[in-house]
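# Per-entry structural report
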Amino acid sequence: MLKTLRKIASVGLISEPAPAPDELLRVRRAADATIAAVLGRALCIRHVDAGSCNGCELEIQALGNPYYNLEGHNIRFVASPRHADLLLVTGPVVRNMETALRRTYAATPDPKRVVAVGDCGCAGGILGECPASLGRVANVIPVDVEVPGCPPSPARILQGILTAIQG
Amino acid sequence: MPLRRWWDRAQPVTGAPHVRGLGVGAEEWLQVARDVAAAGGVLHALWASCAATGERCAHERAVYGAYQTDGGVLVVELTPPDEAPWIYPGIEDIFPAAARMQRSAHDLSGARSSDPDVRPWLNHDRPYEFVRVDGEGVHEIAVGPVHAGTIEPGHFRFSVVGEKVLKLEERLGYTHKGLEQRFTALPILQGHRLAARVSGDSAVAYSWAYCQALEGMSGRTIPPRAAWLRAVCLELERLANHLGDLGALGNDAGFAFGLTQFSRLKEDLLRATAAAFGRRYLFDIVVPGGLASDLSAEAARALADVVRAVCAETVELRDIYDEHEGVRDRFTGTGRLEPERAARLGVVGLVGRASGQARDVRVDLPDAPYTEVPVTMVVQHGGDVASRVAMRFGEAHESGRLLTSLLSGLPHGAHAAEVGVPADGAFGVGLIEGWRGPVLVALQAGPSGSIRRCHPHDPSWQNWPALEHAIMGNIVPDFPLINKSFNLSYSGVDL
């Protein structure tokens, strides 16, 4: 117990400030531009892997580490789309995940936002469109913000999330 | 020794060291499998060539098996008789892990094995029939494909009584994206980029295995500095993944402090990796012929300093984990996979070594630089979550030691060499011990720099079925912990 406490004290606070939103990442402006007013300062996110290679997942998980301190910015991941305000979607949308993604989107209450993460989600990536894959996320559900990168850094993903809730 | 005759007949295969290939008929196909099993060998991979559609394939259909025995890797090619339809003898009774590989091979190529379980695996067009468990009080819990955390999609069907799990049946294939077909559309000198994205957490292992096969086929030996730098990347990948898992395992045992500390250390390591190689995750750094960029002496020293600091803190945290009664209670005895069962199921890699299966490609069939910087294999015998945690602590420590040696002894010279296009029909196999286990890439060249066929094989193929055994008799709330202790790839097996 003493060792644990000593470790916590010696590391101290290392969280970094959040990046500013970047309007260049926005691909669509939602008609109901009131999400920040509805949600106040709290945001719940549901992540959906629609067929990624799991690289983007590693960087999304990193958002929880003490440097990015996602929960310190009043943002958290939730276990059900019914509790979510925003979907964070990775991967090209593969055929075997199309139904699951559509259902997850339908189960998320309005107003909602969608952020596509990674080159595959934004543009199909190296996999592109093929008989097994429908390509970019916007081919299947409406996307508000796209964060390119293979994988994009946690700071960039956070920037995308913050941009999405501005509009 | 019956295995001897197959080795004597086999011809050398280019790529990884000690790989030999052999063409057989249906009877011999079964006999090779029996002889390998009798000699204590393991199945690395089973795949079939060619898409079900496509005229070129009609005369090229073949099924391949890759085994590892004490002598090396034996790749067996089974070619069908001319008359169709063709059912080849399945080896699922000899190597249980072959069952899903055979079902996938059928979905991808149309080659049908004799296994009576003909349910499609990667093809999700039809409803799936799960095995039902009947009895008083038995009910099912269906989970997925979209899970509660930030992880990949898959479906788990638990049959439970109260909280106790009687049976788990996995249903994977949700991230199937036609990787093998996509390979055939890429130039062979570009395929390493797709290989790195078969399972992103093992980017170095896959791209190295791909390049190892390709360089062998082109008759090219990479410069010593390139080999050493690749090993630096591979050990960084192993260390980063182990740190992430150690944090997540602490968290799943209710010890959030562990996640906070280990995720901080992992971030420190990723930032040092980015400073050294220009990227946090090492995609597209291993390229045909060597490395995409060199490492300056100064950058190597800075990287070594961070690795040392991270490893020193890991030792402190191990102490805290070991002394924490709550954590110890959740880890010990949970999700036990006994060594005998692990051997029977042909479990490989980290999960295998946690159950006494002492195999590591870096030790058994070392290629440069592991011939000069030998690896000390970590093995545990408990087979429970605690053993898999101890494996990660042990291997993280060993990777730290290797990184220190590699970074301080980097040979001088070029970090890459030119690689030419291999001849049409050339075949090579790459085999690299990634953080999860052995990653195999079987590559065949087509005409004028194209890919005729590429099969990337993840160790998760062999280990997913073992998870179904490890959960039996445990309680449902322990599943996330047990699953995390395996931490298998979905993308890697969904192809």
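Read on for an overview of the structure. None of the values given here were measured: they were computed from a predicted structure.

Take the packing of helix H14 (residues 385-408) of chain B against helix H16 (residues 479-486) of chain B next. Residues and elements named next belong to chain B. As a packed pair, H14 and H16 sit with axes 9 Å apart at the nearest point and diverge in direction by 35 degrees. Helix-helix and strand crossings are classified by hand; for H14 and H16 the assignment is left-handed. When H14 is examined against H16, the residues Val-385, Arg-388 and Arg-392 are found in contact with a partner set consisting of Leu-481, Ile-482, Lys-484, Ser-485 and Phe-486. Partitioned by chemical class, the residues of the contact of H14 with H16 number four nonpolar, one polar and three charged.

Another aspect to go through is the interface of chain B and chain A. Counting from both sides, the interface comprises 47 residues of chain B and, opposite them, 42 residues of chain A. Of the roughly 3600 Å² buried where chain B meets chain A, counting both sides, 59% is carbon and sulfur surface. Contact with chain A buries surface across chain B, with Val-146, Thr-150 and Lys-177 of chain B losing the most and accounting together for 18% of the total. On inspection of chain B and its partner chain A, the count reaches six salt bridges. Run the count over chain B and chain A and you get 24 residue pairs in polar contact (both at pLDDT 80 or more). Breaking the side of chain B that touches chain A down by element, the ones donating at least two residues are helix H4 (179-183), helix H5 (191-195), helix H8 (256-277) and helix H9 (297-323) of chain B. Per-element accounting of the side of chain B that touches chain A gives the leading share, 10 residues, to H8 of chain B. Across the side of chain B that touches chain A, the residue classes break down as 16 nonpolar, 15 polar and 16 charged.

Once that is clear, we can look at the pairing of strand E16 (residues 451-457) of chain B. Residues and elements named next belong to chain B. With seven of seven residues buried, E16 is to be regarded as a mostly interior element. Summarising the sheet, strand E15 (residues 438-445) and E16 pair through six bridges and their orientation is antiparallel. Bridging from a neighbouring strand, Val-441 pairs with Pro-456 of E16. Counted between consecutive antiparallel strands, the loop separating E15 from E16 contains five residues, among which Ser-448 sits at a positive phi close to 40 degrees.

Conventions we followed
- Residues numbered from 1 in each chain as written.
- Chains lettered and ligands numbered in written order.
- Predicted model: local features only at pLDDT ≥ 70, side-chain atom pairs only at ≥ 80, totals over all residues.
- Heavy atoms only, no water.
- Axes fitted to C-alpha atoms, helices over the stretch in contact; angles between N-to-C directions.
- Helix = DSSP H or I, 4+ residues; strand = E, 2+ residues; numbered from the N terminus.
- Left-handed = near helix turned anticlockwise from the far one by under 90°.
- Contact = heavy atoms within 4.5 Å.
- Nonpolar A, V, L, I, M, F, W, Y, C, P; charged D, E, K, R; others polar.
- Buried area = accessible area lost by both parts, 1.4 Å probe.
- Salt bridge = Lys/Arg side-chain N within 4 Å of Asp/Glu carboxyl O.
- Polar contact = N/O pair within 3.5 Å; in protein donor to acceptor, adjacent residues only side chain to side chain.
- Buried < 20%, exposed > 50% of the residue type's maximum accessible area, 1.4 Å probe, protein only.
- Pairing = 2+ DSSP bridges.

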